[in-house]
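# Structural overview for review
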Amino acid sequence: MQHLPSTPPIIKPATLLFLVGLLTLVCASFYSLDIQWSLLFTADAVRSSVEFLRGFTPPALTWPFLLKVAQGMLETLSMSALGTGIAFTCGIMLAMPASGRFGAAARWVMRLALNILRSVPELVWALILLIAAGLGPFAGTLALAVHTTGVLGRLFADALENMPPAPETTLRINGVQPMTAFFYAALPQILPQLMSYTLYRWENNIRAAAILGIVGAGGLGQMLKYHLSLFQMQQAASVIIAMLILITLVDGASFWLRRRLTSH
Amino acid sequence: MSFVLNGVSIRHASVVRSNSLALIDVDLSIKQGEQVALIGPSGAGKTTLLHTLACVHQPEPGGEFSVFGLQPWAMQPAQRHALRARLFLAPQTPPLPPRQRVVTAVLAGRLPQWRFWQAITSLIKPREPDVAYAALARFNLQDKLYARVDRLSGGERQRCGMARLLVSKADAFLVDEPLSALDPTLALQTLAVVQQEAVNRNATLVCSLHQVELALDHFPRIIGLSDGRIVFDAQRDEVTETMLAALYRNTPPTEPTKSAYPEDTCWSGPSPC
Amino acid sequence: MSLVVNTAISNHPDPAWRGRITASLIALIVLWPLLIASEFKPWILLDAQSLGATWHFLASFFPPAHSKAFLLLILQATWQTIAIATAGLTLALLSAIPLTLLATESLSVSRLESGRMRLASTVVRQGARWLLVLLRSVPELVWALLLVRILGLGPAAGVLAIALTYSGMLGKVYAEILESSEAHATQSLLKNGSGRLAALLYGALPASASELVSYTTFRWECAIRGSVVMGFVGAGGLGQRMDESMKMLAGDEVSTLLIIFVLLVACADWVSTFLRKRLG
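Along each chain, the written sequence defines residue order, and numbers are assigned to residues from 1. By the order in which they are written, chains take letters starting at A while ligands take numbers starting at 1. Confidence filtering applies because this is a predicted model: local features only for residues at pLDDT of at least 70, side-chain atom pairs given and counted only at 80 or more, and all residues used for totals across whole chains, interfaces and linings.

Time to look at the overall build of chain B. Along the backbone of chain B there are 9 helices and 9 strands. Of all 273 residues assigned to chain B, the portion counted as buried reaches 44%. Secondary structure elements follow DSSP: runs of H or I of four or more residues count as helices, runs of E of two or more count as strands, with numbering from the N terminus. Note on burial: count the other C-beta atoms lying within 10 Å of the residue's C-beta; 20 or more is buried, 12 or fewer is exposed, in between is partly exposed, and C-beta positions come from the backbone.

The structure is reproduced here in structure tokens:
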């Protein structure tokens, strides 16, 4: 008589354990938050929400106000562009030690520093930098620069470590100084990749820049907070629409530039 | 005297084989201006020997190694680095960044002579394009002066690597399989240019080749390596068929190793220098 | 030694030089208004008053606050942050799945027949796509701001904000992964008459499962960071704690919270990497 091969377990024990753990986490989360879900969906609550949302239409479109919004858009765009640009330069500088070019100790220290920079959210950096830079978009630019340096520095360092080392090491064998060899052989190899990362990060930063103003760092965020606190819903609606337009524009620009980089 | 080696042994740099020796008990002296060909089967240690001459690998204790009468491994790292500027190592795979322009890649041979700010400004606008042009013209590649390296063919890239050699101001050329991607005619022309340059400057030329006939036809001195040892070191006329057969005993004369960056197995990262 | 870049007139001038000069000029012209609009004045940082304020604030960071009561508070807040992120992501998943099904072209039955989709299905599909775009383009903090006004302060606003934004992100990426995977398996099932959901489960899903899981765990890590940020508008968690501490300029509490942030993100990062390796 033929023996059928024994059926393997439907779920491996390790996976089962993991799924159970996951389910526990999810249930514990909902339970501990103690959100009165039923209250959210009573007729009363729904009605007041709808009324609240109604207050947003039509968005304010008077000419002087639109000018202010345009100015806010320019401020936000500048914050994101400058912050990302500064981070690109600092990221390259910090990536050199972080990729081991100055020894293992420097690598460890620099990677730790970069991790700290990128773990703290941009909003928190903005709050801290407001003390040094005062209210306004400058603090926002710096906050974005600091946080993005952490992100890009780590990505750049990984790119440096993964690239083919031969061009750079050959230059150093032939008597070229390490920094010069870096600019002549390492950077040219990874520059398209670095720029691609940076452009992709710009998409994130335009969103971040838009909201940094909520804590006082200027731009559209500050306008939004201001109008919401005065219950000027229609103006707030315009600001939100402006945010969406700006985000879409930057997403598009970033995508187009990245396409040009890779097709070159 | 360009190079003097006495009882030099080199350990394998890669993690996998670090308990064995890549070069064993090498005794060698090469006079300034000599032209020497290195032949031997794959894995014999030709690349390791060239890297040793380039002051990349430190010999095991007990071996003596001097370059231009100096002891590189008894020097301060900065002095040793200055010594490296007098040696030019051309690896088997041209070490040219793909998206760089030929002019910058070739002028990189001048970097040891330039200050840092000169090097950086040359990236933006090449300092001595005429020098690069003249070097490329000797290989008939002058039209490629402003082209991108990754748009060149394999043979053209190899000759660009040689153009970098021409542009450098080294007193010794250490060249690893420079003709592997070239057809026979181009190979002869390229070799002639390199050898002529060595004669013009009275520079020492140590060249590893897998084309034994080329080596015998064009180099006055032939060194045969196998399994990390020097099997013979003779003038061209003294090399016999028997000696060659013994050298390639276990392996038929093969194509050179085509791995992407073979020298990576010798050079496993920045050494403290 | 020449002081200028290259004074000698070369026989072989660089064809790219002109373009580089032009590009640099354009960059400078674009840079100027950016600097003005963002009030970029680095010298402010070195102003005596701001230096004093910064120094004072940084000095108050040491030693970090470590009273038992405060640490307990932080522990609760950390758990609340994780809970908000997990609950929000779960809701996002639940709502992303129907949206993905709507938006994925490879599940279109009508396309099988004519090679093109019926108009109605196209409209529905495009509608679903645009909804996903809207959901993920509005920054989650803006959702949180609005929801706080509707639902009041507290974690509910945070959970819903994450649910809304992330359903957009998850939906888009799921659709992309499902579409980029082998359409052949799904198509064959649909051709043989299976329902859409079955085609999804048996055709597209097995191939893309590890990618989907990988992306979801990556998003969970992002959701944790996001829920920290949302605390600043009153949605609970560590962010709210930090907002209160900053308002009081209590540097010691701020420094403890910063350390906890960094550790939390590092842990989430580690868990996410671990999961991706095990399940990938």
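Having seen the model, we can carry on.
A tally of helices and strands in chain A yields 11 helices and 0 strands. Along chain A, helices (α) and strands (β) appear in the sequence α-α-α-α-α-α-α-α-α-α-α when read from the amino end. Each radius of gyration is computed over the set of C-alpha atoms, and the globule rule expresses the reference value as 2.2 Å times the number of residues to the power 0.38. In terms of C-alpha radius of gyration, chain A reaches 25 Å, well past the compact-globule figure of 18 Å for 264 residues. Taken over the C-alpha atoms alone, chain A extends approximately 80 × 75 × 40 Å along its principal axes. For chain A, the proportion of its 264 residues judged to be buried stands at 48%.

Inspection of the secondary structure puts A:Met79 in helix α4 (residues 63-98). With 38 C-beta atoms counted inside 10 Å, the residue A:Met79 sits in the buried group. Not counting residues within four places of it along the chain, the set of residues in contact with A:Met79 comprises A:Pro137, A:Gly140, A:Thr141, A:Leu144, A:Ala209, A:Gly219 and C:Ser38. Two residues qualify as a contact pair if the distance between their C-beta atoms, derived from the backbone, is within 7 Å.

A few words now on the domain arrangement of chain B. Interfaces are often sized by the amount of accessible area the parts lose when they come together. Segmenting chain B into domains produces domain 1 (1-86 + 187-266) and domain 2 (89-169). Where each domain starts and ends comes from a domain assignment, either automatic or drawn from a database. Computed over C-alpha atoms, the centres of domain 1 of chain B and domain 2 of chain B are 25 Å apart.

This next bit is on the packing of helix α10 (residues 219-229) of chain A against helix α11 (residues 233-263) of chain A. Residue and element names in this part refer to chain A. Lines are fitted to the C-alpha atoms to define the axes, a helix being fitted only along its stretch in contact, and any angle between axes, read from their N-to-C directions, falls within 0 to 180 degrees. At a minimum axis separation of 8 Å, α10 and α11 run at an interaxial angle of 160°. The orientation of α10 with respect to α11, classified from their angle, is roughly antiparallel. By crossing handedness, the relation of α10 to α11 is classed as left-handed. Packed against α10, whose contacting residues are Leu220, Met223, Leu224, His227 and Leu228, the element α11 presents Gln235, Ala236, Val239, Ile240, Ala242 and Met243 at the interface. Classes in brief: Ala, Val, Leu, Ile, Met, Phe, Trp, Tyr, Cys and Pro nonpolar; Asp, Glu, Lys and Arg charged; the others, Gly included, polar. Residue classes in the contact of α10 with α11 are distributed as 9 nonpolar, 2 polar and no charged. If an angle is under 35 degrees, it is roughly parallel; if it is over 145, roughly antiparallel; if it lies from 65 to 115, roughly perpendicular; otherwise it is oblique. Here a crossing is taken to be left-handed if its near helix is turned anticlockwise relative to the far helix by less than a right angle, and right-handed if that turn runs clockwise.

What follows concerns the interface of chain C and chain A. Taken residue by residue, the interface counts 42 residues in chain C and 44 residues in chain A. Broken down by secondary-structure element, the contributors of at least two residues to the side of chain C that touches chain A are α1 (17-37), α2 (48-59), α3 (68-103), α6 (140-151), α7 (155-180), α9 (196-230), α10 (238-247) and α11 (251-279) of chain C. Residue composition of the side of chain C that touches chain A, by class: 32 nonpolar, 6 polar and 4 charged.

Next up on the list: the confidence of the model for chain B. Residues and elements named next belong to chain B. As a per-residue measure, pLDDT reflects the predictor's confidence and takes values from 0 up to 100. Considering every residue of chain B, the mean pLDDT works out to 86; 90% of them sit at 70 or more. Across residues 257-273, where pLDDT falls below 50, the model places 29 contacts with residues more than four positions away in sequence or in other chains. As scored by the predictor, the complex reaches a pTM of 0.83 and an ipTM of 0.84.

This part takes up the interface of chain C and chain B. Counting residues at the interface gives 9 residues for chain C and 10 residues for chain B. When grouped by side-chain class, the residues that make up the side of chain C that touches chain B number 3 nonpolar, 4 polar and 2 charged.

To form a nonpolar core, buried Ala, Val, Leu, Ile, Met, Phe, Trp, Tyr and Cys residues must be joined through C-beta atoms within 7 Å. Grouped together as the largest cluster of nonpolar side chains are 201 residues, with contacts concentrated most on A:Ala126, B:Val106, B:Leu174 and C:Ala144. Lining this core are residues from two domains, each supplying at least three of them: domain 1 (1-86 + 187-266) and domain 2 (89-169) of chain B. What B:Val106 contacts, discounting residues up to four positions off in sequence, is B:Ala132, B:Ala135, B:Leu136, B:Cys160, B:Ala163, B:Arg164 and B:Val167.

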